[in-house]
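Chain and residue survey
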Amino acid sequence: MKYFLLITLFFLNSAASQAASPRLFGEKSLELHAHLFMKKGMGLFFTGDFDGPIQATSWRDRFRSQTDPETLERSEIGLVVATLYAHPLMVWSLKDSIRAQIAQAQAFVAQHPNWMIASNSQEARRALEGGKRVIVFALEGASGILETEEDLHEFVDEKKIKIVTPLHLTDDHYGGVALLHGFLGLSSPFAWFRSMFVRPDVEGVYVNSHGLTDEGRTFARALIRHRAWIDLSHASDKSQIELSEMMTKAGQPLLYTHTVLRKYHKAERGISEAQLHLVAKTDGLIGLMPSEQMLEGTPGDLCQAGAAKLATQYKEVSEILPPDSIALGSDYNGGLPRLAPWALQCKPESPVERDGLTTIAQVPYLWKSLMRLGASVPHPLSKTIDHFLEAWRRVETNN
């Protein structure tokens, strides 16, 4: 009888443990913008590497690695958009840097068979339903990398880069970029100077008068032809007007992988209310950025730091977009501070509330904090993955 009771208790405890654990495709979250392999894109300027131990020790760390295989495993992210980037002054060859990052991702997947790199939405869905987790490649900044039809064939068709942020920090031969906040706007100095002679937009910020060039229009059409999903995050308003029209005509939902509300950020780099309504109209997606710097100026309980501000933005965006259209676009390893810890009087409960957001492993705690702060987070979180996959399917089939 004693042994029977022990065996019964064992199975009951086992069943309870399994019930308490999140199901892989039922509870996993979507991450729309993470530079997992940034070392190979930033060289000596960046400390740490995806294959080495985490180097970030504080939420303030900007150029110290915040991701590695172990923290990615613990992140409970079901689908991560791994954004590839190469700084033109930090690497010998932009294209070789991107190739090296792709090779690093392939090596990770080979050593972690519960992950796979998806080349299309159906492949990703099958993998998720089969219990795997998914990496989707994106490229931030196309200039110098995607220049010819051969480049598009290699990187988009063959090497599976499925999301492209064509414009990044500085105006180039493809078009104008969104002006950044404060002195960072000088990353595109001529555009910043020209903006001073133009009336601010309806939300009171100066915008870049430079839109797409003829080369940029040709390039955007080529991206659509190759079924690459265009990310509008860094495009100037004028560039976005044309890109949005092209995307909508081709059946592409509008996508902003990492952004914040312009009304608080006070720079063109933030998404405007009008642009949010266009995202809603096309059933697109956005990723909000959990960064003290990007959330500066947002209302929220000061003792809850940036988490309260992120919750404020989430609530306001969800008045225009359904919650399954709102993910995180965290920009891990992207040179930004993350979220500060809560003050003791706010009674922090989780590691991210007590210590701040430092690594990708803390993602589950961040989502719990958002729910605790009243954000209308979808349940289960994987609804955002479902939305992403359906939107991606439309990119593949409607152009």
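Refer to the structure printed above.
Scope of this entry: the structure provided in the associated data block. Computed from a prediction, not measured in an experiment: that's the story for all the values here.

Procedures and definitions
- Residues numbered from 1 in each chain as written.
- Predicted model: local features only at pLDDT ≥ 70, side-chain atom pairs only at ≥ 80, totals over all residues.
- Heavy atoms only, no water.
- Axes fitted to C-alpha atoms, helices over the stretch in contact; angles between N-to-C directions.
- Helix = DSSP H or I, 4+ residues; strand = E, 2+ residues; numbered from the N terminus.
- Parallel < 35°, antiparallel > 145°, perpendicular 65-115°, else oblique.
- Left-handed = near helix turned anticlockwise from the far one by under 90°.
- Contact = heavy atoms within 4.5 Å.
- Buried < 20%, exposed > 50% of the residue type's maximum accessible area, 1.4 Å probe, protein only.
- Salt bridge = Lys/Arg side-chain N within 4 Å of Asp/Glu carboxyl O.
- Disulfide = S-S within 2.5 Å.
- 1 Å grid on protein atoms, 1.4 Å probe; cavity = no way out; pocket = protein on both sides within 12 Å on 5 of 7 lines; lining within 4 Å.
- Points joined across faces, edges and corners; volume = space filled by probe spheres on them.
- Nonpolar A, V, L, I, M, F, W, Y, C, P; charged D, E, K, R; others polar.
- Pairing = 2+ DSSP bridges.

1. Quick notes on the packing of helix H14 (residues 305-317) against helix H16 (residues 363-372)
Axis separation between H14 and H16 bottoms out at 9 Å; the angle between their running directions is 65°. For the element pair H14 / H16, the angle class is roughly perpendicular. The hand of the H14/H16 crossing is right-handed. Along its contact with H14, which presents Ala-307, Leu-310, Ala-311 and Tyr-314, the element H16 presents Leu-366, Trp-367 and Leu-370.

2. A few points about unusual backbone geometry
Here the bond from His-379 into Pro-380 is cis, since omega is -5°, no more than 30 degrees from zero. Examined against the element boundaries, Pro-380 turns out to sit in the loop between H16 and helix H17 (383-397). Phi is positive for Arg-227, which is not a glycine, with a value near 60°. Along the polypeptide, Arg-227 turns up in the loop between helix H9 (214-225) and strand S6 (229-230). Here the phi dihedral of Ala-305 falls at roughly 55°; this positive angle occurs in a residue that is not glycine. For Ala-305, a relative accessible area of 10% puts it in the buried group.

3. Observations regarding the pattern of salt bridges
For the structure shown, the criterion picks out 16 salt bridges. One salt bridge connects Asp-151 with Lys-95, and the closest N-O pair in it is separated by 2.9 Å. Of this pair, Asp-151 sits in helix H7 (residues 149-158) while Lys-95 is found in helix H5 (residues 94-111), placing the two residues 56 residues apart along the sequence. Given the relative accessible area of 5%, Asp-151 is considered buried. Overall, Lys-95 belongs to the partly exposed group, its relative accessible area being 23%. Asp-237 is the partner of Arg-262 in a salt bridge, and the nearest nitrogen-oxygen pair spans 2.7 Å. Of this pair, Arg-262 sits in helix H11 (residues 262-265) while Asp-237 sits in helix H10 (residues 237-249), and the two are 25 residues apart along the sequence.

4. Topic: H16
Of all the residues in H16, the buried ones are Val-363, Pro-364, Leu-366, Trp-367, Ser-369 and Leu-370. The secondary structure elements touched by the buried residues of H16 are strand S1 (29-34), helix H4 (69-74), strand S2 (77-84), H14, strand S9 (326-328) and helix H15 (351-355). A positive phi of about 90° marks Gly-374, the residue just after H16.

5. Comments concerning the state of the cysteines
The final tally for this structure, using the stated rule, is one disulfide. Between the sulfur atoms of Cys-303 and its disulfide partner Cys-346 the distance amounts to 1.6 Å. Placement of the pair is Cys-303 in the loop between helix H13 (292-295) and H14 and Cys-346 in the loop between S9 and H15, with a sequence separation of 43 residues. Per residue, the accessibility class of Cys-303 equals that of Cys-346, and both read buried.

6. So, the layout of surface pockets
In this structure, the second largest pocket encloses a volume near 270 Å³. Lining the second largest pocket are 16 residues; nearest its centre among them are Glu-27, Glu-76, Pro-364, Lys-368 and Leu-381. When residues in the lining of the second largest pocket are grouped by element, the largest group, six residues, is from H16. Here the residues of the lining of the second largest pocket are counted per class, giving nine nonpolar, three polar and four charged.

7. Let's talk about the pairing of strand S7 (residues 255-259)
Counting buried residues along S7, five of its five residues qualify, which places the element largely inside the surrounding structure. With three bridges joining them, S7 and strand S8 (residues 285-288) adopt parallel strand pairing. If you follow Leu-255 over to S8, its bridge partner there is Leu-285.

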